[in-house]
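# Understanding the architecture of this molecule
Each chain, letter by letter, is given below.
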Amino acid sequence: MRKIEHLGIAVKDLKASNQLFKKLLGKEHYKEEEVGGEGVMTSFFQVGETKIELLEATRPDSPIAKYLEKKSEGIHHIAFDVEDIHAEVERLKAEGFEILNETPKSGADNKLVVFLHPKSTNGVLVELCQERK
């Protein structure tokens, strides 16, 4: 793992949250993107080398809608940038981590993503991200 790629924050209202984070960070978000397969609309802010990803559910059965219903707004996941997502999945499996999706799927911001189950990472949902070539 090379760096923290982004922190994912689940929000109920993306428009209001964009305004809040604009005030907090002193800059506009640089991108909004829908990830239809996950039922989520995302918004990204750049903070140094790290990003903040705001996530709003676009349908009631999405993972973000379920998260908001269970836990309310807040930090949803931490994402790490990896060079070779397939090799990293194999390494982490060998170390005993539970992988939620062993086959990388399309994520926001031109990334391939894999998630680790929070029960194997001290309650933190971990996302691995690799830039699509």
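Everything in this summary refers to the structure shown in the same document. (Residues numbered from 1 in each chain as written. Predicted model: local features only at pLDDT ≥ 70, side-chain atom pairs only at ≥ 80, totals over all residues. Heavy atoms only, no water.)

Take the overall build of the chain next. Along the chain, the regular secondary structure elements total three helices and eight strands. Its C-alpha radius of gyration of 14 Å places the chain within 12% of the 14 Å reference for a compact globule of 133 residues. Burial analysis of the chain (133 residues in total) assigns 42% to the buried set. Taking as baseline every contact in the chain between residues at least 6 positions apart, the subset at least 24 positions apart corresponds to 52%. Of the accessible surface of the chain, which amounts to about 7,400 Å², a share of 52% is contributed by carbon and sulfur atoms. (Helix = DSSP H or I, 4+ residues; strand = E, 2+ residues; numbered from the N terminus. Rg over C-alpha atoms; globule rule 2.2 N^0.38 Å. Buried < 20%, exposed > 50% of the residue type's maximum accessible area, 1.4 Å probe, protein only. Contact = heavy atoms within 4.5 Å. Areas by Shrake-Rupley, 256 points an atom, 1.4 Å probe, with all protein chains shown as cover.)

Here the focus is helix α2 (residues 63–71). Each full turn of the α-helix corresponds to 3.6 residues, which orients residues three or four apart in the same direction. Among the residues making up α2, those that are buried are Ile-64, Ala-65, Tyr-67 and Leu-68. End-on, the buried residues of α2 take up no more than an arc of 160 degrees, which puts them together on one face. Residues Lys-66, Glu-69 and Lys-70 are exposed on α2 and point more than 90 degrees away from its buried face. Buried residues along α2 sit in contact with β1 (3–10), β3 (40–47), β4 (50–57) and β5 (74–81). Ser-72 sits one or two residues past α2 and shows a positive phi near 80 degrees. (Arc of directions from axis to C-beta.)

The biggest cluster of nonpolar side chains holds ten residues, and these are Ile-78, Val-82, Ile-85, Val-89, Leu-92, Ile-99, Val-114, Leu-116, Val-126 and Leu-128. Discounting chain neighbours no more than four positions away, the residues touching Leu-128 are Met-1, Phe-80, Val-82, Ile-85, Glu-88, Val-89, Leu-92, Leu-112, Val-113 and Val-114. Val-40, Leu-55, Ile-64 and Ala-108 belong to the second-largest nonpolar core, a separate cluster that totals nine residues. (Core = buried A, V, L, I, M, F, W, Y, C linked by side-chain atoms within 4.5 Å.)

The sheet built from eight strands is open, its strands ordered β2-β3-β4-β1-β5-β8-β7-β6 with mixed pairing. At either end of the open sheet lies a strand with only one pairing partner, and these are β2 (31–35) and β6 (105–107). Taken pair by pair, the neighbouring strands of this sheet meet at an average axis angle of 35 degrees, ignoring direction. When β5 meets strand β8 (residues 126–131), the two strands line up parallel, connected through four bridges. (Pairing = 2+ DSSP bridges. Axes fitted to C-alpha atoms, helices over the stretch in contact; angles between N-to-C directions.)

With that out of the way, let us pick up the pairing of β3. For β3, a buried count of six out of eight residues is recorded, marking the element as mostly surrounded by other parts of the structure. Remark: four residues form the turn of the hairpin made by β2 and β3, two consecutive strands paired antiparallel; Gly-39 in that turn has positive phi of roughly 65 degrees. Strand direction decides the pairing type here: β3 and β4, joined by eight bridges, are antiparallel. Note that in β4 the partner of Phe-44 across the bridge is Glu-53.

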